[in-house]
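# Fold and geometry: a report
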Amino acid sequence: MALPDALFCLLAIWHCQPCLGLPLAPAGCQRSAPALGQFWHVTDLHLDPTYHITDDHTKVCASSKGANASNPGIFGDVLCDSPYHLILSAFDFIKNLKQEVSFMIWTGDSPPHVPVHELSTDRVINVIANMTTTIQSLFPNLLVFPALGNHDYWPQDQLPTFTSEVYSAVANLWKPWLDEEAIYTLRKGGFYSQKVSTNSNLRIISLNTNLYYGPDVVTLNKTDPANQFEWLENTLNISQQNKEKVYIIAHIPVGYLPYSMSTTAMREYYNEKLIDIFRKYSSVIAGQFYGHTHRDSIMILSDKEGNPINSLFVAPAVTPVKSVLQKQTNNPGIRLFQYDPCDYKLLDMLQCYLNLTDANLKGVANWKLEYILTQTYDIEDLQPKSLHGLAKQFATPDSKKFIKYYNHFFVSYDNSVICNAKCKVFQICAIMNLDHNSYVDCIKQYYIRHNL
């Protein structure tokens, strides 16, 4: 697949502008590394192996659950999970872009959204193996850090606190990427940590936040499922002592869902616990990266005094799937992060996407650059202070930046979409308030101020 000219030009122009603000190296830091580090983030592939073009639109894919596929084409349909052609087009785009990257993060959910009886443990493992093999064959020399999603299990959502057939299978599948200690904890509880071989003081912590998901009955009434909280604190404490920086990756994010009121993505008790840990070690954590919602959103973690201390990013899905009742969905998306390889501060993010309607019409997957975060929103970098200032601008009446943000939320699926006053309250409060007390206070203030 040829590299789209427009994207190539934008990337070339961007890379030729050193004045865009790489921070000065901290004292004692040797600038032998490149001026810019990069990594890819892909999430929520949701392969539907049953997808095929047929005159009977109720039988295009199992993931439509018998509903009429709206406009099925070679690269998919909005009522279906991803055909293999779509997923392959995303990875082909990444490969042909030929960007120098240190690693890729892959934050879960390979199997499709289908009724429980249509899958099994073997089928789930086979889909994860298919996606793993695809990535390994296309990028044989690339370090990949995966995280498990709530659909990467059977029955879905029911991830256990002990070793299982799925945990053991992915531990074997991901051995080419992970060291022995990471494989051990992955096999035991679905989580791990590992230093990045190309970045000596950077550690990836891959959490199994599915253990904290509301539908997971296995973890009901457990204060520390699989002892992951204890392990996380110990790991962050050691990183702090060793002067490492950490990127947190996971499937289900912390915080509140931006499209409904007072709803945390995970059980509230676990959310509060994680927020406490992240606050305690905010100086160690250089960024957090999630999937699950299928939408493009940011969050800023603040301390108890309201000072921004951590940047969080929820990446949109590759799958375009929606339910029959949903009006909006997302175009397929993948993203490239850029960071300072000296102190691992996040500098920028390039969001790429596929216009699914256009791709099906032309029979060609023309992946494009959707936006560059710092340029689109006119901010210096992706640090908490910069994002906090941006969120404050979003909150102003008739904010043009927020209109852009809400369009990007759906990966430019529908430019005419409007976020009304109540919608905006949910969005702004979710961006800026991750714990219960500050979120409730935010909702109250907005309702009073706007007479809602």
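Everything numeric here is computed off the predicted structure, so don't read it as measured data.

### Side note on the pairing of strand S9 (residues 308-314)
Counting buried positions along S9 gives six out of seven residues, so the element sits mostly inside the fold. Sheet topology places strand S7 (residues 285-290) next to S9; three bridges connect them, and they run parallel. What sits directly across from Gln288, in S9, is Leu312. Relative to S9, strand S8 (residues 297-302) is paired through six bridges, and the arrangement is antiparallel. Pairing of Met299 across the sheet is with Leu312, part of S9. The antiparallel hairpin formed by S8 and S9 contains five residues in its connecting segment, where Gly306 sits at a positive phi of about 95°.

### A word on the confidence of the model for the chain
Summing up the model confidence of the chain, the mean pLDDT is 93 and the portion of residues at 70 or higher is 92%. Confidence over residues 1-10 falls short of pLDDT 50; this stretch has 18 contacts with residues more than four positions distant or in other chains. Across residues 12-28, confidence stays below pLDDT 50; counting only partners more than four residues off in sequence or on other chains, it has 22 contacts.

### Concerning the side chain of Ser102
Checked against the element boundaries, Ser102 lands in the loop between helix H2 (84-97) and strand S2 (103-106). Side-chain polar atoms of Ser102 contact the side chain of Asn199, separated by 3.5 Å. Ignoring anything within four residues of it in the chain, the contact list for Ser102 reads Gln38, Leu142, Leu143, Thr198, Asn199 and Tyr339.

### Considerations on the state of the cysteines
Within the structure shown, the criterion is met by three disulfides. Each disulfide pairs two cysteine sulfurs, and for Cys61 the partner residue is Cys80, the sulfurs being separated by 2.0 Å. Measuring handedness by torsion sign, the sulfur bridge of Cys61 and Cys80 sits at about -80° and is left-handed. Note that Cys61 is positioned in the loop between strand S1 (37-42) and H2 and Cys80 in the loop between S1 and H2, a separation of 19 residues in sequence.

### A word on helix H6 (residues 228-241)
If you check H6, its first and last C-alpha atoms are 20 Å apart, about what 14 residues at 1.5 Å a residue would give, namely 20 Å. Gln228, Phe229, Trp231, Leu232, Thr235, Leu236 and Ser239 are the residues of H6 that are buried. The arc enclosing the buried residues of H6, seen along the axis, measures out at 160°, which places them on a common side. Looking at the buried positions of H6, the neighbouring elements they touch are helix H5 (180-189), strand S4 (192-196), strand S5 (199-206), strand S6 (245-249), helix H7 (268-280) and S7.

### Section: the nonpolar core
With 137 residues, the main nonpolar core has Phe91, Phe103, Phe145, Leu232, Tyr247, Phe278 and Ile334 as its most contacted residues. If one sorts the elements of this core by residue count, helix H12 (residues 421-432) sits on top with eight residues. Not counting the four nearest positions on each side in its chain, Phe103 is found in contact with Gln38, Phe39, Trp40, Leu142, Leu143, Phe145, Val196, Asn199, Leu202, Ile204, Tyr247 and Tyr339. Counting five residues, the second-largest nonpolar core is a separate cluster that includes Tyr51, Val60, Cys61 and Ala69.

### Structural notes on the packing of H12 against helix H13 (residues 436-449)
Two elements in contact, H12 and H13, have axes whose closest approach is 9 Å; the angle formed by their N-to-C orientations is 150°. With respect to their mutual orientation, H12 and H13 come out roughly antiparallel. Handedness of the H12/H13 crossing: right-handed. Two secondary-structure elements touch here, H12 through Lys422, Val425, Phe426, Ile428, Cys429 and Ala430 and H13 through Tyr439, Cys442, Ile443, Tyr446 and Tyr447.

### Remarks on H12
In this model, H12 (12 residues) spans 17 Å end to end at C-alpha, consistent with the 16 Å of a helix rising 1.5 Å per residue. Most of H12 sits inside the fold, with 10 of its 12 residues counted as buried. Those residues of H12 not exposed but buried are Cys423, Lys424, Val425, Phe426, Gln427, Ile428, Cys429, Ala430, Ile431 and Met432. On its buried side, H12 packs onto S8, helix H10 (384-394), helix H11 (400-409) and H13. Capping the start of H12, Asn420 holds a side-chain oxygen 3.3 Å from the backbone nitrogen of Lys422, two or three residues further along.

Criteria and thresholds
Residues numbered from 1 in each chain as written. Predicted model: local features only at pLDDT ≥ 70, side-chain atom pairs only at ≥ 80, totals over all residues. Heavy atoms only, no water. Buried < 20%, exposed > 50% of the residue type's maximum accessible area, 1.4 Å probe, protein only. Helix = DSSP H or I, 4+ residues; strand = E, 2+ residues; numbered from the N terminus. Pairing = 2+ DSSP bridges. pLDDT = per-residue confidence, 0-100. Contact = heavy atoms within 4.5 Å. Polar contact = N/O pair within 3.5 Å; in protein donor to acceptor, adjacent residues only side chain to side chain. Disulfide = S-S within 2.5 Å. Expected span 1.5 Å × (residues − 1). Arc of directions from axis to C-beta. Core = buried A, V, L, I, M, F, W, Y, C linked by side-chain atoms within 4.5 Å. Axes fitted to C-alpha atoms, helices over the stretch in contact; angles between N-to-C directions. Parallel < 35°, antiparallel > 145°, perpendicular 65-115°, else oblique. Left-handed = near helix turned anticlockwise from the far one by under 90°.

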